[in-house]
Amino acid sequence: MIDFILNASILILVVLAVTYIWYCISMYMLLTKLKAKAWKAFVPIYNISELVRALGLPKRWFFLSITPYIGSVYAVAIAYRLGQVWQKHFAFSAFWLTLGAPVGFLILFFSKQGPDMKVIELPPPSLSMIKAK
């Protein structure tokens, strides 16, 4: 029984390591397309701050995205803004750029359309955008 647990834990660690390396490489490729400092993709947590900076979002979005509970909301908001740069819909951004990030980043990198940098200059969302008319 101990051998099984040991082998299973080693297998899980290998899968996690390969997935993280895949994530870093796809983030590197994406940051090169955004003309950002791509080497930061290999530094945990710092890669998210570089993505936020490359998208022109406020710095507080990075801190809010790593905060428990509200972090998932801001992670989806950052993914949505990243999807807007490549003219992708919300459903694509919410799934492929959050849960399926390693695959989603590669989809964006290899897509025929490049990043539309005009979208990056949009003002950040505010409560006035949500108010009923």
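The coordinates are above.
Residues numbered from 1 in each chain as written. Predicted model: local features only at pLDDT ≥ 70, side-chain atom pairs only at ≥ 80, totals over all residues. Heavy atoms only, no water.

*Asks:* Outline the packing of helix H5 (residues 90-99) against helix H6 (residues 101-110), supporting the account with residue identities and numerical values.
*Replies:* Relative to each other, H5 and H6 sit at 115°, their axes nearing to 5 Å. Mapping the contact onto sequence places Phe92, Trp96, Leu97, Thr98 and Leu99 in H5 and Ala101, Val103, Gly104, Phe105, Ile107 and Leu108 in H6. Along the lines of polarity and charge, the residues of the contact of H5 with H6 split into nine nonpolar, two polar and no charged. (Axes fitted to C-alpha atoms, helices over the stretch in contact; angles between N-to-C directions. Helix = DSSP H or I, 4+ residues; strand = E, 2+ residues; numbered from the N terminus. Contact = heavy atoms within 4.5 Å. Nonpolar A, V, L, I, M, F, W, Y, C, P; charged D, E, K, R; others polar.)

*Asks:* Kindly report on helix H1 (residues 2-33), identifying the contributing residues and their values.
*Replies:* With 32 residues, H1 should reach 46 Å at 1.5 Å per residue; the first-to-last C-alpha distance of 47 Å fits that figure. Listed as buried for H1 are Tyr23, Cys24, Ser26, Met27, Met29, Leu30 and Leu31. Lining the buried residues of H1 we find helix H2 (46-54), helix H4 (71-85) and H6. (Expected span 1.5 Å × (residues − 1). Buried < 20%, exposed > 50% of the residue type's maximum accessible area, 1.4 Å probe, protein only.)

*Asks:* Describe the side chain of glutamate 50, with residues and values.
*Replies:* Of note, glutamate 50 is situated in helix H2. Look at glutamate 50 and you get buried, because its relative accessible area is 2%.

*Asks:* Could you give an account of unusual backbone geometry, naming the residues involved and the relevant values?
*Replies:* One non-glycine residue, isoleucine 45, lies in positive phi territory at about 70°. Of note, isoleucine 45 is situated in the loop between H1 and H2. Phi is positive for tyrosine 69, close to 75°, though the residue is something other than glycine. Considering the arrangement of structural elements, one finds tyrosine 69 in the loop between helix H3 (59-65) and H4.

*Asks:* How would you explain the pattern of salt bridges if you had to name every residue and give the values?
*Replies:* For side chains of opposite charge, pairing can occur when their charged atoms come near one another. Counted according to the given criterion, the structure contains two salt bridges. Notably, a salt bridge pairs glutamate 50 with lysine 40, separated by 3.1 Å at the nearest N-O pair. You can see glutamate 50 sitting in helix H2 and its partner lysine 40 sitting in the loop between H1 and H2, a full 10 residues away along the chain. The same class applies to glutamate 50 and to lysine 40, which are both buried. When salt bridges that share partners are traced, they join Lys40, Glu50 and Arg53 into one network. (Salt bridge = Lys/Arg side-chain N within 4 Å of Asp/Glu carboxyl O.)

From the geometry alone we can't say anything about function, so treat these as descriptive.
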